[in-house]
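A structural walkthrough
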Amino acid sequence: MRIGRITSILFLSVWFNQMAWGQDDNRIAHGKRVFERYCTLCHGEGLGADGAPMLPGTHAIYIKYRGEVPPLLQHRSDVNIELVKTVVRNGLASMPPFRQTEVTDSDLEAIVAWFDSVADE
Ligand code: HEC
């Protein structure tokens, strides 16, 4: 039956769409988890050690850009996968590098997906 076929095609496309959305949600949640585990100790909110006004990563970015971009990475809309991969694989100033065995490329892509989902415009 023609109607039956169209209905099932519609049903399937809605279903595939929802699967894709679900995967995005999982990726974003995974990115947030990885970031919280490996990055927020330096890039989170709150006071730094020894009376520093911010945590070291947050503070370094605040000083480096003189307040032109938000100091929290997830609030920036200019942080893309190329920057994250370069900095995370090589380290930058006092930020240590991370190996693939600690944080994979796909973890980094998930982190950027999370940034994109919460970044200020
Ligand atoms: C030990 C502290 C520390 C940890 C852990 C850390 N960072 Fe950093 N990060 C820094 C510091 C400090 C800077 C600023 C470096 C500089 O002076 O340019 C920085 C800079 C960056 C930058 C560059 C921002 C810019 O615009 O220059 C990115 C991107 C970044 N970190 C991502 C991450 C990610 C993702 C993680 C977790 C996988 C992470 N960092 C973990 C301390 C840290």
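For the structure itself, consult the block above.
Residues numbered from 1 in each chain as written. Predicted model: local features only at pLDDT ≥ 70, side-chain atom pairs only at ≥ 80, totals over all residues. Heavy atoms only, no water.

Some remarks on unusual backbone geometry
With a phi close to 50 degrees, Asp 50 is a non-glycine residue in the positive phi region. Inspection of the secondary structure assignment puts Asp 50 in the loop between helix H2 (40–43) and helix H3 (56–64). At Arg 66, a residue that is not glycine, the phi angle is positive and equals roughly 45 degrees. Along the chain, Arg 66 turns up in the loop between H3 and helix H4 (81–90). Classification of Arg 66 by relative accessible area gives exposed; the value is 73%. (Helix = DSSP H or I, 4+ residues; strand = E, 2+ residues; numbered from the N terminus. Buried < 20%, exposed > 50% of the residue type's maximum accessible area, 1.4 Å probe, protein only.)

Re the packing of helix H1 (residues 2–38) against helix H5 (residues 105–118)
At their nearest, the axes of H1 and H5 sit 7 Å apart, and the two run at 105 degrees to each other. Overall, the two elements H1 and H5 adopt an arrangement that is roughly perpendicular. Across the interface between the two elements, Arg 27, Ile 28, His 30, Gly 31, Lys 32, Val 34 and Phe 35 of H1 pack against Asp 107, Glu 109, Ala 110, Ile 111, Ala 113, Trp 114, Phe 115 and Ser 117 of H5. Tallied by class, the residues present in the contact of H1 with H5 amount to eight nonpolar, three polar and four charged. (Axes fitted to C-alpha atoms, helices over the stretch in contact; angles between N-to-C directions. Parallel < 35°, antiparallel > 145°, perpendicular 65-115°, else oblique. Contact = heavy atoms within 4.5 Å. Nonpolar A, V, L, I, M, F, W, Y, C, P; charged D, E, K, R; others polar.)

Considerations on the packing of aromatic side chains
Working definition: an aromatic ring pair is given by the centre-to-centre distance plus the angle between the planes. Applying the stated criterion across every chain, the model contains four aromatic pairs. When the centroid spacing of 6.1 Å and the interplanar angle of 85 degrees are considered together, the rings of Tyr 38 and Phe 98 count as edge-to-face. Here Phe 98 lies in the loop between H4 and H5 and Tyr 38 lies in helix H1, a separation of 60 residues in the sequence. Phe 98 gets classed as buried once you look at its relative accessible area, which sits at 16%. Seen in terms of ring centroids, Trp 114 and Phe 115 are 5.9 Å apart; in terms of plane orientation they differ by 45 degrees. Their pairing is tilted. Over the aromatic face of Tyr 65 sits the side chain of Arg 76, whose NZ or CZ is 4.8 Å from the ring centroid. (Phe/Tyr/Trp six-rings, centres within 6.5 Å; stacked < 30°, edge-to-face > 60°. Lys NZ or Arg CZ within 6 Å of the ring centre and 35° of its normal.)

A word on the site of the ligand
Neighbouring residues of the ligand: 21 residues in total, closest Cys 39, Cys 42, His 43, Tyr 65 and Met 95. At 2.6 Å from an oxygen atom of the ligand is found a side-chain nitrogen or oxygen belonging to Lys 64. Between an oxygen atom of the ligand and a side-chain N or O atom of Tyr 65, the distance comes to 2.5 Å. The cavity that encloses the ligand is the largest pocket. At the level of secondary structure, the elements contributing two or more residues to the shell around the ligand comprise H2, H3 and H4. No other element matches the five residues that H3 contributes to the shell around the ligand. Residues of the shell around the ligand, tallied by class, amount to 16 nonpolar, three polar and two charged. (Near = heavy atom within 4 Å. Polar contact = N/O pair within 3.5 Å; in protein donor to acceptor, adjacent residues only side chain to side chain. 1 Å grid on protein atoms, 1.4 Å probe; cavity = no way out; pocket = protein on both sides within 12 Å on 5 of 7 lines; lining within 4 Å. Sits in = over half its atoms within 2 Å of the grid points.)

Digging into the coordination of the iron atom of the ligand
Protein coordination at the iron atom of the ligand: the donors are His 43 (NE2) and Met 95 (SD), at 2.0 to 2.1 Å from the metal. Taken together, the six donor atoms surrounding the iron atom of the ligand define angles of 88 to 179 degrees at the centre, an arrangement classified as octahedral. Pair noted here: His 43 is in helix H2 and Met 95 is in the loop between H4 and H5, with a separation of 52 residues, a long-range link. Judged by its relative accessible area of 22%, Met 95 is partly exposed. (Donors = N, O, S within 2.8 Å, 3.2 Å for Na, K, Ca; no water. Tetrahedral: all angles 85-135°; square planar, octahedral: opposite > 155°, others 65-115°.)

In short, shape yes, function no, at least from these values alone.
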